[in-house]
Amino acid sequence: MPTPRDRQARVATWAAFFVQGLCFATLITHVIDLQHRFGLSDGDLTLVLLLVPVIAGVGSAVAGLLASRYGSAPVLRISQVGVCTAVVLSGWNDQLVGLYALSAVFGLFVGAVDAAMNMQAVAVERRYGMSVLTGFHAVWSVGSMLGAGFNSLFSELGVELRWSFSVPVLIGAAISVIMLPRLYGREEERSAERTARVAAQVPWRPIVPLCLAMAFLYVGDAAVSNYSTVYMEKALAASGWLVPFAYFVYQATMLLARVPGDLAVRGYGPAPVVRAGAVIAAVGTLGVVVAPGVAVAVVSFGLIGVGLSVIAPQSFSAAGRLGAGAETAIARVNMFNYVGFLVGAAVVGTLNDTVDIRVAFVPAVVLVALIVFLARGFQPDPEPEPAAKP
(Lines give C-alpha, C1' and ligand atoms only; values in the text may rest on other atoms or scores of the structure.)
Protein backbone atom coordinates (compact mmCIF):
# COMPACT_ATOMS: atom_id res chain seq x y z
CA MET A 1 0.00 0.00 0.00
CA PRO A 2 1.31 3.49 -0.81
CA THR A 3 2.33 5.59 2.17
CA PRO A 4 1.83 9.35 2.64
CA ARG A 5 5.46 9.73 1.56
CA ASP A 6 4.69 7.88 -1.67
CA ARG A 7 1.72 10.13 -2.36
CA GLN A 8 3.89 13.18 -1.69
CA ALA A 9 6.49 11.97 -4.19
CA ARG A 10 3.75 11.23 -6.72
CA VAL A 11 2.40 14.79 -6.52
CA ALA A 12 5.93 16.21 -6.84
CA THR A 13 6.52 14.07 -9.93
CA TRP A 14 3.20 15.25 -11.38
CA ALA A 15 4.52 18.80 -10.95
CA ALA A 16 7.73 17.97 -12.84
CA PHE A 17 5.77 16.50 -15.75
CA PHE A 18 3.38 19.46 -15.79
CA VAL A 19 6.18 22.04 -15.93
CA GLN A 20 8.04 20.10 -18.60
CA GLY A 21 4.94 19.94 -20.80
CA LEU A 22 4.26 23.64 -20.25
CA CYS A 23 7.80 24.67 -21.22
CA PHE A 24 7.99 22.37 -24.22
CA ALA A 25 4.69 23.53 -25.69
CA THR A 26 5.49 27.18 -25.04
CA LEU A 27 8.63 26.86 -27.14
CA ILE A 28 7.41 24.49 -29.83
CA THR A 29 4.22 26.38 -30.68
CA HIS A 30 6.33 29.50 -31.25
CA VAL A 31 8.48 27.80 -33.89
CA ILE A 32 6.74 29.66 -36.72
CA ASP A 33 7.18 32.96 -34.81
CA LEU A 34 10.91 32.35 -34.38
CA GLN A 35 11.17 31.53 -38.07
CA HIS A 36 9.57 34.87 -38.91
CA ARG A 37 11.64 36.82 -36.33
CA PHE A 38 15.00 35.61 -37.67
CA GLY A 39 13.98 35.30 -41.33
CA LEU A 40 14.90 31.60 -41.38
CA SER A 41 14.42 29.54 -44.51
CA ASP A 42 12.76 26.13 -44.12
CA GLY A 43 16.23 24.58 -44.35
CA ASP A 44 17.64 26.85 -41.63
CA LEU A 45 14.63 26.10 -39.42
CA THR A 46 15.26 22.37 -39.85
CA LEU A 47 18.86 22.81 -38.68
CA VAL A 48 17.70 24.60 -35.53
CA LEU A 49 15.13 21.90 -34.82
CA LEU A 50 17.71 19.15 -35.37
CA LEU A 51 20.07 20.71 -32.85
CA VAL A 52 17.67 20.15 -29.95
CA PRO A 53 17.29 16.33 -30.10
CA VAL A 54 21.01 15.82 -30.82
CA ILE A 55 21.99 17.67 -27.66
CA ALA A 56 19.04 16.22 -25.74
CA GLY A 57 20.41 12.72 -26.32
CA VAL A 58 23.62 13.83 -24.61
CA GLY A 59 21.59 15.29 -21.74
CA SER A 60 19.68 12.04 -21.30
CA ALA A 61 22.88 9.96 -21.22
CA VAL A 62 24.50 12.29 -18.70
CA ALA A 63 21.35 12.20 -16.56
CA GLY A 64 21.48 8.40 -16.50
CA LEU A 65 25.06 8.45 -15.25
CA LEU A 66 24.44 11.13 -12.63
CA ALA A 67 21.19 9.58 -11.41
CA SER A 68 22.84 6.19 -10.89
CA ARG A 69 25.28 7.88 -8.54
CA TYR A 70 23.35 10.72 -6.90
CA GLY A 71 19.69 9.83 -7.58
CA SER A 72 17.37 11.39 -10.12
CA ALA A 73 15.94 14.08 -7.81
CA PRO A 74 18.88 16.53 -7.83
CA VAL A 75 19.34 15.99 -11.57
CA LEU A 76 15.67 16.80 -12.14
CA ARG A 77 15.59 19.87 -9.90
CA ILE A 78 18.63 21.49 -11.49
CA SER A 79 17.75 20.56 -15.06
CA GLN A 80 14.19 21.81 -14.89
CA VAL A 81 15.38 25.24 -13.81
CA GLY A 82 17.69 25.13 -16.84
CA VAL A 83 14.79 24.31 -19.16
CA CYS A 84 12.68 27.19 -17.82
CA THR A 85 15.57 29.64 -18.12
CA ALA A 86 16.35 28.63 -21.72
CA VAL A 87 12.71 29.04 -22.82
CA VAL A 88 12.27 32.46 -21.20
CA LEU A 89 15.52 33.75 -22.71
CA SER A 90 14.43 32.45 -26.13
CA GLY A 91 11.57 34.95 -26.05
CA TRP A 92 13.88 37.88 -25.30
CA ASN A 93 16.75 36.92 -27.58
CA ASP A 94 17.02 38.75 -30.92
CA GLN A 95 20.40 37.41 -32.12
CA LEU A 96 20.71 34.43 -34.47
CA VAL A 97 23.74 33.09 -32.60
CA GLY A 98 21.68 33.32 -29.42
CA LEU A 99 18.96 31.20 -31.03
CA TYR A 100 21.42 28.41 -31.72
CA ALA A 101 23.02 28.67 -28.28
CA LEU A 102 19.71 28.66 -26.43
CA SER A 103 18.45 25.75 -28.55
CA ALA A 104 21.52 23.75 -27.50
CA VAL A 105 21.06 24.66 -23.82
CA PHE A 106 17.37 23.80 -24.01
CA GLY A 107 18.19 20.45 -25.60
CA LEU A 108 20.77 19.54 -22.96
CA PHE A 109 18.47 20.28 -20.04
CA VAL A 110 15.29 18.93 -21.62
CA GLY A 111 17.02 15.58 -22.20
CA ALA A 112 18.10 15.42 -18.58
CA VAL A 113 14.61 16.32 -17.34
CA ASP A 114 12.89 13.75 -19.56
CA ALA A 115 15.11 10.95 -18.26
CA ALA A 116 15.08 11.98 -14.59
CA MET A 117 11.34 12.62 -14.29
CA ASN A 118 10.57 9.21 -15.79
CA MET A 119 12.96 7.61 -13.29
CA GLN A 120 10.94 9.22 -10.52
CA ALA A 121 7.69 8.08 -12.16
CA VAL A 122 8.91 4.48 -12.39
CA ALA A 123 9.95 4.60 -8.72
CA VAL A 124 6.43 5.76 -7.80
CA GLU A 125 4.88 3.00 -9.91
CA ARG A 126 7.01 0.41 -8.13
CA ARG A 127 5.90 1.68 -4.72
CA TYR A 128 2.24 1.66 -5.78
CA GLY A 129 2.52 -1.83 -7.27
CA MET A 130 0.26 -1.08 -10.25
CA SER A 131 0.23 0.88 -13.50
CA VAL A 132 0.25 4.61 -12.73
CA LEU A 133 2.86 5.87 -15.18
CA THR A 134 0.46 6.88 -17.94
CA GLY A 135 -1.09 9.30 -15.47
CA PHE A 136 2.17 11.22 -15.21
CA HIS A 137 2.23 11.65 -18.96
CA ALA A 138 -1.39 12.82 -18.78
CA VAL A 139 -0.22 15.63 -16.51
CA TRP A 140 2.51 16.42 -19.08
CA SER A 141 -0.30 16.78 -21.62
CA VAL A 142 -2.15 19.17 -19.29
CA GLY A 143 0.93 21.37 -19.10
CA SER A 144 1.53 21.13 -22.84
CA MET A 145 -2.08 21.95 -23.64
CA LEU A 146 -1.92 24.95 -21.32
CA GLY A 147 1.27 26.15 -23.03
CA ALA A 148 -0.39 25.93 -26.46
CA GLY A 149 -3.51 27.58 -25.05
CA PHE A 150 -1.49 30.52 -23.72
CA ASN A 151 0.02 30.94 -27.18
CA SER A 152 -3.40 30.98 -28.88
CA LEU A 153 -4.76 33.46 -26.32
CA PHE A 154 -1.75 35.78 -26.43
CA SER A 155 -1.74 35.65 -30.24
CA GLU A 156 -5.38 36.70 -30.32
CA LEU A 157 -4.73 39.52 -27.82
CA GLY A 158 -1.62 40.73 -29.65
CA VAL A 159 0.67 40.19 -26.63
CA GLU A 160 4.34 40.85 -27.35
CA LEU A 161 6.28 37.68 -28.16
CA ARG A 162 8.72 37.96 -25.25
CA TRP A 163 5.86 38.02 -22.73
CA SER A 164 4.10 35.19 -24.55
CA PHE A 165 7.21 33.13 -23.81
CA SER A 166 7.80 34.39 -20.29
CA VAL A 167 4.45 34.38 -18.50
CA PRO A 168 3.59 30.66 -18.67
CA VAL A 169 7.16 29.52 -18.07
CA LEU A 170 7.66 31.71 -15.00
CA ILE A 171 4.50 30.16 -13.56
CA GLY A 172 6.00 26.75 -14.26
CA ALA A 173 9.33 27.68 -12.68
CA ALA A 174 7.59 28.72 -9.47
CA ILE A 175 5.72 25.39 -9.33
CA SER A 176 8.96 23.51 -9.90
CA VAL A 177 10.86 25.31 -7.14
CA ILE A 178 8.05 24.74 -4.63
CA MET A 179 7.20 21.10 -5.42
CA LEU A 180 10.37 19.32 -6.55
CA PRO A 181 12.05 19.16 -3.10
CA ARG A 182 9.40 16.49 -2.31
CA LEU A 183 10.75 14.00 -4.87
CA TYR A 184 12.19 10.64 -3.80
CA GLY A 185 15.77 10.77 -2.60
CA ARG A 186 18.47 8.43 -3.87
CA GLU A 187 18.05 5.85 -1.13
CA GLU A 188 14.29 5.80 -1.66
CA GLU A 189 14.70 5.04 -5.36
CA ARG A 190 16.99 2.06 -4.83
CA SER A 191 19.73 0.83 -2.55
CA ALA A 192 23.27 2.11 -2.95
CA GLU A 193 24.55 -1.40 -3.65
CA ARG A 194 22.25 -1.94 -6.64
CA THR A 195 22.93 1.50 -8.01
CA ALA A 196 26.68 0.93 -7.94
CA ARG A 197 26.52 -2.01 -10.35
CA VAL A 198 23.66 -0.76 -12.51
CA ALA A 199 25.50 -0.36 -15.84
CA ALA A 200 26.74 -3.93 -16.00
CA GLN A 201 23.35 -5.46 -15.36
CA VAL A 202 21.22 -4.03 -18.16
CA PRO A 203 21.21 -6.06 -21.41
CA TRP A 204 20.12 -4.40 -24.65
CA ARG A 205 18.01 -7.25 -26.01
CA PRO A 206 14.81 -6.77 -23.95
CA ILE A 207 14.76 -3.01 -24.48
CA VAL A 208 15.33 -2.97 -28.26
CA PRO A 209 11.56 -3.19 -29.08
CA LEU A 210 10.92 -0.41 -26.56
CA CYS A 211 13.67 1.75 -28.06
CA LEU A 212 12.40 1.26 -31.61
CA ALA A 213 8.80 1.95 -30.63
CA MET A 214 9.94 5.09 -28.81
CA ALA A 215 11.87 6.25 -31.88
CA PHE A 216 8.97 5.57 -34.27
CA LEU A 217 6.43 7.27 -32.05
CA TYR A 218 8.61 10.37 -31.78
CA VAL A 219 8.95 10.57 -35.54
CA GLY A 220 5.18 11.14 -35.48
CA ASP A 221 5.38 13.43 -32.47
CA ALA A 222 8.18 15.48 -34.05
CA ALA A 223 6.12 15.93 -37.19
CA VAL A 224 3.23 17.29 -35.11
CA SER A 225 5.26 19.26 -32.57
CA ASN A 226 7.66 20.93 -34.97
CA TYR A 227 5.49 21.30 -38.06
CA SER A 228 1.82 21.46 -37.05
CA THR A 229 1.98 25.28 -37.03
CA VAL A 230 3.86 25.28 -40.34
CA TYR A 231 1.30 22.83 -41.78
CA MET A 232 -1.68 24.89 -40.65
CA GLU A 233 -0.26 28.08 -42.15
CA LYS A 234 1.16 26.69 -45.41
CA ALA A 235 -1.15 23.80 -46.31
CA LEU A 236 -4.45 25.24 -45.06
CA ALA A 237 -3.79 29.01 -45.05
CA ALA A 238 -4.83 29.25 -41.38
CA SER A 239 -3.94 32.36 -39.40
CA GLY A 240 -4.13 33.84 -35.90
CA TRP A 241 -5.27 31.56 -33.10
CA LEU A 242 -5.91 28.68 -35.52
CA VAL A 243 -2.19 28.22 -36.24
CA PRO A 244 -1.27 26.75 -32.81
CA PHE A 245 -4.76 25.26 -32.34
CA ALA A 246 -3.92 21.96 -34.04
CA TYR A 247 -1.16 21.33 -31.50
CA PHE A 248 -3.55 22.28 -28.70
CA VAL A 249 -6.04 19.66 -29.92
CA TYR A 250 -3.25 17.09 -30.30
CA GLN A 251 -2.33 17.57 -26.64
CA ALA A 252 -5.96 17.76 -25.49
CA THR A 253 -6.88 14.40 -27.03
CA MET A 254 -3.64 12.91 -25.74
CA LEU A 255 -4.68 14.03 -22.27
CA LEU A 256 -8.19 12.60 -22.64
CA ALA A 257 -6.74 9.25 -23.71
CA ARG A 258 -4.11 9.19 -20.96
CA VAL A 259 -6.55 9.81 -18.11
CA PRO A 260 -8.08 6.29 -18.40
CA GLY A 261 -4.86 4.87 -19.90
CA ASP A 262 -3.65 3.16 -16.72
CA LEU A 263 -7.05 1.51 -16.27
CA ALA A 264 -6.86 0.15 -19.82
CA VAL A 265 -3.37 -1.22 -19.20
CA ARG A 266 -4.47 -2.86 -15.95
CA GLY A 267 -7.45 -4.44 -17.70
CA TYR A 268 -5.94 -5.57 -21.01
CA GLY A 269 -2.18 -5.42 -20.55
CA PRO A 270 0.27 -3.01 -22.17
CA ALA A 271 0.78 -4.85 -25.48
CA PRO A 272 -2.86 -4.72 -26.76
CA VAL A 273 -3.20 -1.09 -25.66
CA VAL A 274 0.02 -0.09 -27.46
CA ARG A 275 -1.03 -2.02 -30.58
CA ALA A 276 -4.42 -0.28 -30.72
CA GLY A 277 -2.78 3.09 -30.16
CA ALA A 278 -0.40 2.57 -33.08
CA VAL A 279 -3.29 1.84 -35.45
CA ILE A 280 -5.23 4.95 -34.36
CA ALA A 281 -2.14 7.16 -34.65
CA ALA A 282 -1.33 5.87 -38.14
CA VAL A 283 -4.89 6.58 -39.30
CA GLY A 284 -4.72 10.09 -37.83
CA THR A 285 -1.38 10.85 -39.51
CA LEU A 286 -2.76 9.67 -42.83
CA GLY A 287 -5.69 12.04 -42.26
CA VAL A 288 -3.26 14.94 -41.96
CA VAL A 289 -1.74 13.99 -45.33
CA VAL A 290 -5.09 14.05 -47.15
CA ALA A 291 -7.07 16.63 -45.12
CA PRO A 292 -9.09 18.92 -47.44
CA GLY A 293 -9.59 21.61 -44.81
CA VAL A 294 -9.03 22.81 -41.27
CA ALA A 295 -11.78 20.71 -39.65
CA VAL A 296 -10.51 17.37 -40.97
CA ALA A 297 -6.91 18.34 -40.18
CA VAL A 298 -7.73 19.23 -36.58
CA VAL A 299 -9.65 15.97 -36.06
CA SER A 300 -6.71 14.07 -37.57
CA PHE A 301 -4.22 15.73 -35.23
CA GLY A 302 -6.56 14.74 -32.41
CA LEU A 303 -6.49 11.08 -33.50
CA ILE A 304 -2.70 11.15 -33.53
CA GLY A 305 -2.81 12.39 -29.93
CA VAL A 306 -5.14 9.57 -28.88
CA GLY A 307 -3.02 6.92 -30.58
CA LEU A 308 0.39 8.03 -29.35
CA SER A 309 -0.79 8.77 -25.81
CA VAL A 310 0.11 5.47 -24.14
CA ILE A 311 3.18 4.37 -26.08
CA ALA A 312 5.83 6.52 -24.38
CA PRO A 313 4.67 5.90 -20.78
CA GLN A 314 4.40 2.16 -21.41
CA SER A 315 7.92 2.16 -22.89
CA PHE A 316 9.28 3.62 -19.66
CA SER A 317 7.11 1.33 -17.55
CA ALA A 318 8.37 -1.77 -19.37
CA ALA A 319 11.97 -0.57 -18.98
CA GLY A 320 11.36 -0.06 -15.27
CA ARG A 321 10.21 -3.69 -14.91
CA LEU A 322 13.62 -4.99 -15.92
CA GLY A 323 14.72 -5.13 -12.30
CA ALA A 324 18.09 -3.84 -11.15
CA GLY A 325 19.43 -1.33 -13.62
CA ALA A 326 16.14 0.44 -14.30
CA GLU A 327 17.78 3.89 -14.29
CA THR A 328 20.12 2.86 -17.09
CA ALA A 329 17.31 1.13 -19.04
CA ILE A 330 15.08 4.21 -18.74
CA ALA A 331 17.88 6.53 -19.85
CA ARG A 332 18.56 4.30 -22.88
CA VAL A 333 14.90 4.18 -23.89
CA ASN A 334 14.64 7.93 -23.41
CA MET A 335 17.60 8.49 -25.77
CA PHE A 336 15.55 6.96 -28.57
CA ASN A 337 12.97 9.66 -27.93
CA TYR A 338 15.55 12.02 -29.42
CA VAL A 339 16.59 9.61 -32.16
CA GLY A 340 12.96 9.63 -33.34
CA PHE A 341 12.62 13.36 -32.83
CA LEU A 342 15.83 13.90 -34.81
CA VAL A 343 14.73 11.65 -37.67
CA GLY A 344 11.26 13.18 -37.66
CA ALA A 345 12.54 16.75 -37.76
CA ALA A 346 15.09 15.92 -40.47
CA VAL A 347 12.71 13.98 -42.72
CA VAL A 348 9.73 16.29 -42.35
CA GLY A 349 11.91 19.37 -42.68
CA THR A 350 13.68 18.10 -45.78
CA LEU A 351 10.46 17.06 -47.52
CA ASN A 352 8.78 20.30 -46.56
CA ASP A 353 11.70 22.20 -48.07
CA THR A 354 11.91 20.15 -51.27
CA VAL A 355 8.44 18.74 -51.94
CA ASP A 356 5.38 19.66 -49.86
CA ILE A 357 4.38 19.83 -46.21
CA ARG A 358 1.65 17.23 -46.73
CA VAL A 359 4.06 14.71 -48.26
CA ALA A 360 6.39 15.37 -45.34
CA PHE A 361 3.98 13.53 -43.02
CA VAL A 362 3.96 10.29 -45.08
CA PRO A 363 7.07 8.71 -43.46
CA ALA A 364 5.45 9.24 -40.06
CA VAL A 365 2.42 7.22 -41.21
CA VAL A 366 4.63 4.25 -42.08
CA LEU A 367 6.85 4.32 -38.99
CA VAL A 368 4.01 4.79 -36.52
CA ALA A 369 2.21 1.82 -38.11
CA LEU A 370 5.30 -0.35 -37.52
CA ILE A 371 4.79 -0.02 -33.75
CA VAL A 372 1.98 -2.57 -34.14
CA PHE A 373 4.64 -5.24 -34.72
CA LEU A 374 6.73 -4.12 -31.75
CA ALA A 375 3.90 -4.16 -29.20
CA ARG A 376 4.69 -7.66 -27.95
CA GLY A 377 7.94 -6.34 -26.51
CA PHE A 378 6.02 -4.19 -24.05
CA GLN A 379 5.46 -7.21 -21.82
CA PRO A 380 9.05 -8.44 -21.42
CA ASP A 381 10.10 -10.93 -18.82
CA PRO A 382 12.04 -9.07 -16.15
CA GLU A 383 15.70 -9.87 -15.83
CA PRO A 384 16.33 -12.10 -12.79
CA GLU A 385 17.84 -10.42 -9.79
CA PRO A 386 21.41 -11.54 -9.06
CA ALA A 387 21.70 -14.19 -6.39
CA ALA A 388 22.79 -12.94 -3.02
CA LYS A 389 26.31 -13.83 -1.98
CA PRO A 390 26.48 -16.37 0.84
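To start, this report covers the structure provided alongside it. All values reported here derive from a predicted model rather than from experimental measurement. (Residues numbered from 1 in each chain as written. Predicted model: local features only at pLDDT ≥ 70, side-chain atom pairs only at ≥ 80, totals over all residues. Heavy atoms only, no water.)

**Topic: the overall build of the protein chain**
Counting secondary structure elements, the protein chain contains 17 helices and 0 strands. For a compact globule of 390 residues, the expected C-alpha radius of gyration is about 21 Å, and the protein chain comes in at 20 Å, within 12% of that figure. With the principal axes as the frame, the protein chain shows a C-alpha extent of 70 × 40 × 30 Å. Of the contacts formed within the protein chain by residues at least 6 apart in sequence, a portion of 86% connects residues at least 24 apart. As displayed, the protein chain offers around 14,800 Å² of accessible surface, 70% of which is attributable to carbon and sulfur atoms. (Helix = DSSP H or I, 4+ residues; strand = E, 2+ residues; numbered from the N terminus. Rg over C-alpha atoms; globule rule 2.2 N^0.38 Å. Contact = heavy atoms within 4.5 Å. Areas by Shrake-Rupley, 256 points an atom, 1.4 Å probe, with all protein chains shown as cover.)

**Remarks on unusual backbone geometry**
At alanine 237, a position not held by glycine, the phi torsion is positive, near 55 degrees. Structurally, alanine 237 can be placed in the loop between α10 (208-234) and α11 (242-258).

**Description of the packing of helix α13 (residues 270-290) against helix α17 (residues 362-370)**
The relative placement of two packed helices is expressed as an angle between their axes plus a distance between the axes. The geometry of α13 relative to α17 is characterised by a closest axis approach of 8 Å and an angle of 170 degrees between their N-to-C directions. The pairing of α13 with α17 is recorded here as roughly antiparallel in orientation. Taken together, the residues of α17 that come into contact with α13 (itself represented by Ala278, Ala281, Ala282, Thr285, Leu286 and Val289) are Val362, Ala364, Val365, Val368 and Ala369. When its residues are assigned to classes, the contact of α13 with α17 shows 10 nonpolar, 1 polar and no charged. (Axes fitted to C-alpha atoms, helices over the stretch in contact; angles between N-to-C directions. Parallel < 35°, antiparallel > 145°, perpendicular 65-115°, else oblique. Nonpolar A, V, L, I, M, F, W, Y, C, P; charged D, E, K, R; others polar.)

**Some thoughts on a nonpolar patch on the surface**
On the surface, Trp92, Leu153, Leu157, Val159, Trp163, Val167 and Ile171 cluster together into a nonpolar patch covering about 620 Å² of accessible area. Secondary structure elements with two or more residues in the nonpolar patch: α6 (133-157) and α7 (161-179). At 3 residues, the largest contribution of residues to the nonpolar patch is made by α7. Tracing the chain through its elements places valine 159 in the loop between α6 and α7. (Patch = residues over 30% accessible without salt bridge, like charges linked within 9 Å, V, L, I, M, F, W, Y side chains within 5 Å. Salt bridge = Lys/Arg side-chain N within 4 Å of Asp/Glu carboxyl O.)

**Thoughts on the pattern of salt bridges**
Summed over all chains, the structure comprises 4 salt bridges. Note that aspartate 6 and arginine 127 form a salt bridge whose closest N and O atoms lie 2.9 Å from each other. Placement of the pair is aspartate 6 in helix α1 (residues 4-28) and arginine 127 in helix α5 (residues 96-128), with a sequence separation of 121 residues. Judged by its relative accessible area of 34%, arginine 127 is partly exposed. The partner of glutamate 160 in a salt bridge is arginine 162, and the shortest N-O contact between them spans 3.1 Å. (Buried < 20%, exposed > 50% of the residue type's maximum accessible area, 1.4 Å probe, protein only.)

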